[in-house]
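The primary structure of each chain is shown beneath.
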Amino acid sequence: MDFLQPPGWVRPRGYSNGVAAKGRTICVGGMIGWDGQEQFHCDDIAGQTRQALQNIVEVLAEGGAKPEHIVRMTWYVIDKKEYVAAYKEIGAAYRDVIGKHFPAMAAVQVAGLIEDRARVEIEVTAIVPE
């Protein structure tokens, strides 16, 4: 996996500008902050982010992948201000579950998610080296 950082660019914090990788591709659909039984255990964005990330890791494991195989993440949040205010807690959850691996990422504020209690939805693409 090669992390793409053009010369002279400021290094992004918490993500990469681009990633190049070869191998088996695993796409994980949008994961929200409920457990495998579709039960929410909290309503705050940091707690739901932790659960969504744990869900992602479990789905990746089913495909023989690990968090370090993630090459792309897209985050959908319903409230940008809530997301920004929880950066510290979200960052801690991210490092606890994913580690210090920072793929290419985008975060988008959306008008709503299909599940009304959901505060965040995250989808990923992982590439497992062959």
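See the structure shown above.
The sections below set out a description of the structure shown in this document. (Residues numbered from 1 in each chain as written. Predicted model: local features only at pLDDT ≥ 70, side-chain atom pairs only at ≥ 80, totals over all residues. Heavy atoms only, no water.)

Another aspect to go through is the packing of aromatic side chains. Two numbers describe a pair of aromatic rings. These are the distance of the centres and the angle of the planes. Counting across every chain of the model gives four aromatic pairs. Summarising the aromatic geometry, the rings of Y83 and Y87 are spaced 5.4 Å apart at their centres and angled 80° between planes, so their arrangement reads as edge-to-face. When its relative accessible area of 15% is taken as the criterion, Y83 is described as buried. Here the aromatic rings of Y94 and F102 are separated by 5.8 Å at their centres, their planes lie at 10°, and the arrangement is stacked. Its relative accessible area of 5% is what places Y94 among the buried residues. (Phe/Tyr/Trp six-rings, centres within 6.5 Å; stacked < 30°, edge-to-face > 60°. Buried < 20%, exposed > 50% of the residue type's maximum accessible area, 1.4 Å probe, protein only.)

Here the focus is the sheet that holds strand 5 (residues 104-109). Read across the sheet, four strands follow the order 3-6-4-5 without closing on themselves; strand pairing throughout is mixed. In this open sheet, the two edge strands, each paired with only one partner strand, are strand 3 (24-32) and strand 5. Across this sheet, the average inter-strand angle for adjacent strands is 10°, counted without regard to direction. Sitting on the sheet, helix 1 (residues 45-62) touches strand 3, strand 4 (70-77) and strand 6 (120-128), and the angle it makes with strand 3 is about 150°. (Pairing = 2+ DSSP bridges. Helix = DSSP H or I, 4+ residues; strand = E, 2+ residues; numbered from the N terminus. Axes fitted to C-alpha atoms, helices over the stretch in contact; angles between N-to-C directions. Contact = heavy atoms within 4.5 Å.)

For side chains bearing opposite charge, pairing can occur when the charged atoms are close. A full pass over the atoms with the stated rule returns three salt bridges. Between R117 and D43 there is a salt bridge whose closest N-O contact spans 2.8 Å. On the criterion of sequence distance, the pair formed by R117 in the loop between strand 5 and strand 6 and D43 in the loop between strand 3 and helix 1 is long-range, its members being 74 residues apart. Among the residues examined, D43 registers a relative accessible area of 44% and is labelled partly exposed. The partner of D96 in a salt bridge is R50, with the nearest N and O atoms 3.0 Å apart. In this pair, D96 is assigned in helix 3 (residues 87-97) and R50 in helix 1, connecting sequence segments 46 residues apart. Judged by relative accessible area, D96 falls into the exposed class, the value being 56%. (Salt bridge = Lys/Arg side-chain N within 4 Å of Asp/Glu carboxyl O.)

On to helix 1, then. If you check helix 1, its first and last C-alpha atoms are 26 Å apart, about what 18 residues at 1.5 Å a residue would give, namely 26 Å. Looking only at helix 1, the buried set comprises I45, A46, Q48, T49, Q51, A52, L53, N55, I56 and L60. Along its buried surface, helix 1 packs onto strand 3, strand 4, helix 2 (80-85), helix 3 and strand 6. After helix 1 finishes, the residue G64 shows a positive phi value of roughly 80°. (Expected span 1.5 Å × (residues − 1).)

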